Amino acid sequence: MSFQDLGEICEDVDECSRNSTLCGPSSVCTNILGKYSCSCLPGFFSPDLWSPDKPEAFKCTGVPFKCKEDVIPNNEWAQLCQVGAAVEPEYVSFCALMKATLGILDDVCKNQTTVVSLKSTAESFASVIEQTSMWSNFTKEKTSTLATVLLESVESTTLAALLKPSANVSQTIQTDHLDIESKIINKGCTEENEAFNLKAKGDEMKIWCSTVEESEPTGINGVAFVSFAGMESVLDERFFQDPQIPLANSKRKLKLNSRIVGGIITGEKKDGFSKPVIYTLENIEPKRNFESPICVSWSTDVEGGRWTPSGCAILEASETHTGCSCNRMVNLAIIMAAGELTMEFTLYIISHVGMVISLVCLTVAIITFLLCRTIRNHNTYLHLHLCVCLFLAKILFLTGVDKTDNQRGCAIIAGFLHYLFLACFFWMLVEAVMLFLMARNLKVVNYFSSRNIKMRYICAFGYGLPALVVAVSAIIQPQGYGMYNRCWLNTETGFIWSFLGPVCTIIVINSILLTGTLWILRQQISSVSTEVSKLKDTRLLTFKAFAQIFILGCSWVLGIFQIGPMANIMAYLFTIINSLQGAFIFLIHCLLNRQVREEYRRCMTRKIKPSPQSETSGMVLSSVPSTSKTG
């Protein structure tokens, strides 16, 4: 553009066309007469407004919150309301609330350069929440979908209020149905253990300053805490879903016993913090002695939205308040449960009765392997260690798997269980290797040269490798030990595969080794007539090792398939086989062993059958020198 005045021609310089990167990435440069201005592309924002005096301060970064365009594509019900489903009578009230919620979010996202009034948005959302009587008429799917959209919209508008240019002040907003306290952190952490406490409607969130810095903030450091009043009546215990045991199979009576709260942070990182975020929620009704609280978070990955016991653990519980420790920012509530939740009552009885039987059988087996000299050899030495590991694992499981009150103690119990059960499988692997070596050496010479392997090396393998697996697992993911309802490996983060991975690998290796052993023995029996008894003994041991794989290995594999319509059947099979492992081991290695049966028969005969000279034993002992018969 040019201008002519007093015979001179003035031409406007288009800075934008000369330098395409003038405003930085993800931005739009607009030429204005005598100057230019910068703005951000949709989906991006700048903490500082464009100023020609400080052009370097203007930087566009991705908007760390969802807008209407981000919510609708992933939400089938939101799409229906947008394409005119509201004309249908059954959708009128639902779509009215959906559109009202998305409208509030849309207004905030459109006005990217305008300061967001946290008070006005909170009041707008409160008008949606207060219509809980309307929510109660919706189906479960509609309610969870609308709740998800509402929770995400409140989070997004609160983030927008924190991130958009403003006076950078902390705010406390109070309405009848929604309280918000936000805090802008203008300076870094001044103290090592500096923490911020935010309160809303009697609930509280404590977050460490180091956690805010760890969250990778986008320009402005800010946190907020939200408490909803009234939503607990619609998002109640019906929406609770335990990924381990379906609610329908639980004998526990549940009730949601707190307001729904939410933690919000401006950083891009929302989970996996080195220090937990502490939520303290006020109980709606006083906690009774027989009730156990469960910290539940709202998960959008399950059926539109469900309460799941993941990511948080009970820290403390009193009559009036419940404390939850979470490793991420969540929408949280407290569910009170009366009774046993972790398994059906029938499975509970089967499991405990089966384990008591297994412990008795394992005790007898261990005593047999230690005292029965006629069967003492390399194989019984391996069986002894297997039984000891399984016995200790069963004892610890029976007495400690439900000790979830102390988080650190629960993690230690889970770690020992991980080690002991892994040790059982590594001793099975040792046995398979020894049997394969026995068969291979019988093919060459008539003695078992693997006897020369020193026992300390075998023990180092049987006990050392499981310890190595547990140590590596603990270093990689220490929070994987212990869950909210049991002291075992976390099944929600995939950490359970630190156990199932080695187990499945050993099952495959053992199957290959034992199949090879049987193939060698088949060739030997058909080709030679000498040492047939030793060959047959080795073949019998191999068949027993196969049975052992099924008993110890397949029960854990069944646990993987506790999903879908077969979940209940698999749960019963898993519980029965797993709890009776010790009894099956005793059956295979003791009762089905002819030499052991003969020893048992001798012991029973000595105790039951009286001596023919019992009546005169006193005189014989006093007059005849003692000569005990051995053998």
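First, a word on what this report is: a plain description of the structure on this page. (Residues numbered from 1 in each chain as written. Predicted model: local features only at pLDDT ≥ 70, side-chain atom pairs only at ≥ 80, totals over all residues. Heavy atoms only, no water.)

Comments concerning the packing of helix 10 (residues 378-400) against helix 12 (residues 455-476)
A packed helix pair is summarised by two numbers, namely the angle formed by the two axes and the spacing between the axes. Taken N-terminus to C-terminus, the directions of helix 10 and helix 12 make an angle of 30°; their axes are 12 Å apart at the nearest point. Here helix 10 is positioned roughly parallel relative to helix 12, judged by the angle of their axes. Between helix 10 and helix 12 the crossing geometry is right-handed. Only Met455, Ile458, Cys459 and Tyr463 of helix 12 make contact with helix 10, whose side of the interface consists of His378, Tyr381, Leu382, His385 and Cys389. Class assignment of the residues belonging to the contact of helix 10 with helix 12 gives a composition of seven nonpolar, two polar and no charged. (Axes fitted to C-alpha atoms, helices over the stretch in contact; angles between N-to-C directions. Helix = DSSP H or I, 4+ residues; strand = E, 2+ residues; numbered from the N terminus. Parallel < 35°, antiparallel > 145°, perpendicular 65-115°, else oblique. Left-handed = near helix turned anticlockwise from the far one by under 90°. Contact = heavy atoms within 4.5 Å. Nonpolar A, V, L, I, M, F, W, Y, C, P; charged D, E, K, R; others polar.)

Description of the state of the cysteines
According to the stated counting rule, one finds five disulfides in the structure shown. The side chain of Cys295 participates in a disulfide bridge whose partner is Cys324; the two sulfur atoms lie 1.9 Å from each other. When the S-S torsion is -90°, as for the bridge of Cys295 with Cys324, the disulfide is left-handed. Placement of the pair is Cys295 in strand 15 (residues 291-299) and Cys324 in strand 18 (residues 321-326), with a sequence separation of 29 residues. By relative accessible area, which is 0% here, Cys324 ends up buried. (Disulfide = S-S within 2.5 Å. Buried < 20%, exposed > 50% of the residue type's maximum accessible area, 1.4 Å probe, protein only.)

Describing the side chain of Thr148
Within the secondary structure, Thr148 is located in helix 7 (residues 140-163). In this structure, Thr148 is in contact with Trp298, Thr300, Gly304 and Gly305, ignoring residues within four places of it in sequence.

Focus on the nonpolar core
Membership of the largest hydrophobic core comes to 56 residues, with the highest contact counts inside it found for Phe421, Trp427, Trp488, Phe499 and Trp556. Looking at this core, the elements with two or more residues in it are helix 9 (345-371), helix 10, helix 11 (407-444), helix 12, helix 13 (497-527) and helix 16 (581-591). Tallying contributions element by element places helix 11 first for this core, with 19 residues. For Phe499, the residues in contact, after removing those within four places along its chain, are His418, Phe421, Leu422, Phe425, Trp488, Leu489 and Trp556. (Core = buried A, V, L, I, M, F, W, Y, C linked by side-chain atoms within 4.5 Å.)

What to know about the sheet that holds strand 17 (residues 312-317)
Ordered by their spatial adjacency, five strands build an open sheet running 9-10-14-18-17, and the pairing between neighbours is antiparallel. Each having just a single partner strand, strand 9 (195-200) and strand 17 make up the two edges of the open sheet. Going from strand to strand, the sheet's axes swing by 20° on average, the running direction of each strand aside. For strand 17 and strand 18, the ladder comprises five bridges, and the chain directions are antiparallel. Each bridged residue has a counterpart across the sheet, and for Glu316 the counterpart in strand 18 is Gly323. (Pairing = 2+ DSSP bridges.)

Quick look at helix 16
Of all 11 residues in helix 16, eight are buried; the element is thus mostly enclosed. Gln581, Gly582, Ala583, Ile585, Phe586, Ile588, His589 and Cys590 are the residues of helix 16 that are buried.

Observations concerning a nonpolar patch on the surface
Taken together, the side chains of Tyr348, Ile349, Val353 and Ile357 present a nonpolar region at the surface, about 320 Å² in accessible area. With respect to the secondary-structure elements, Tyr348 resides in helix 9. You can call Tyr348 partly exposed: its relative accessible area is 31%. (Patch = residues over 30% accessible without salt bridge, like charges linked within 9 Å, V, L, I, M, F, W, Y side chains within 5 Å. Areas by Shrake-Rupley, 256 points an atom, 1.4 Å probe, with all protein chains shown as cover. Salt bridge = Lys/Arg side-chain N within 4 Å of Asp/Glu carboxyl O.)

Quick notes on the side chain of Thr175
Relative to the helices and strands, Thr175 resides in the loop between strand 7 (171-174) and strand 8 (178-185). Classification of Thr175 by relative accessible area gives buried; the value is 15%. Apart from the residues within four sequence positions on either side, Thr175 is in contact with Ala122, Glu123, Ala126 and Lys201.

Comments concerning the packing of aromatic side chains
Under the counting rule described, the total for this entry stands at 11 aromatic pairs. Ring geometry for Phe425 against Phe499: centres 6.2 Å apart, planes inclined by 80°, an arrangement best described as edge-to-face. Of this pair, Phe425 sits in helix 11 while Phe499 is found in helix 13, placing the two residues 74 residues apart along the sequence. Looking at Phe425, the relative accessible area reads 1%, which means it is buried. Look at Tyr481 and Phe495: their rings are 4.9 Å apart centre to centre, the planes differ by 75°, and that puts the pair in the edge-to-face class. Pair noted here: Tyr481 is in the loop between helix 12 and helix 13 and Phe495 is in the loop between helix 12 and helix 13, with a separation of 14 residues, a long-range link. Note on accessibility: Tyr481 and Phe495 belong to one class, buried. Site record: aromatic cluster; members linked through ring pairs are Phe421, Phe425, Trp488 and Phe499. The ring centre of Phe239 lies 5.7 Å from the NZ or CZ of Lys140, which sits over that ring. If you follow Arg456 out to its NZ or CZ, it ends over the ring of Tyr457, 5.3 Å from the centre. (Phe/Tyr/Trp six-rings, centres within 6.5 Å; stacked < 30°, edge-to-face > 60°. Lys NZ or Arg CZ within 6 Å of the ring centre and 35° of its normal.)

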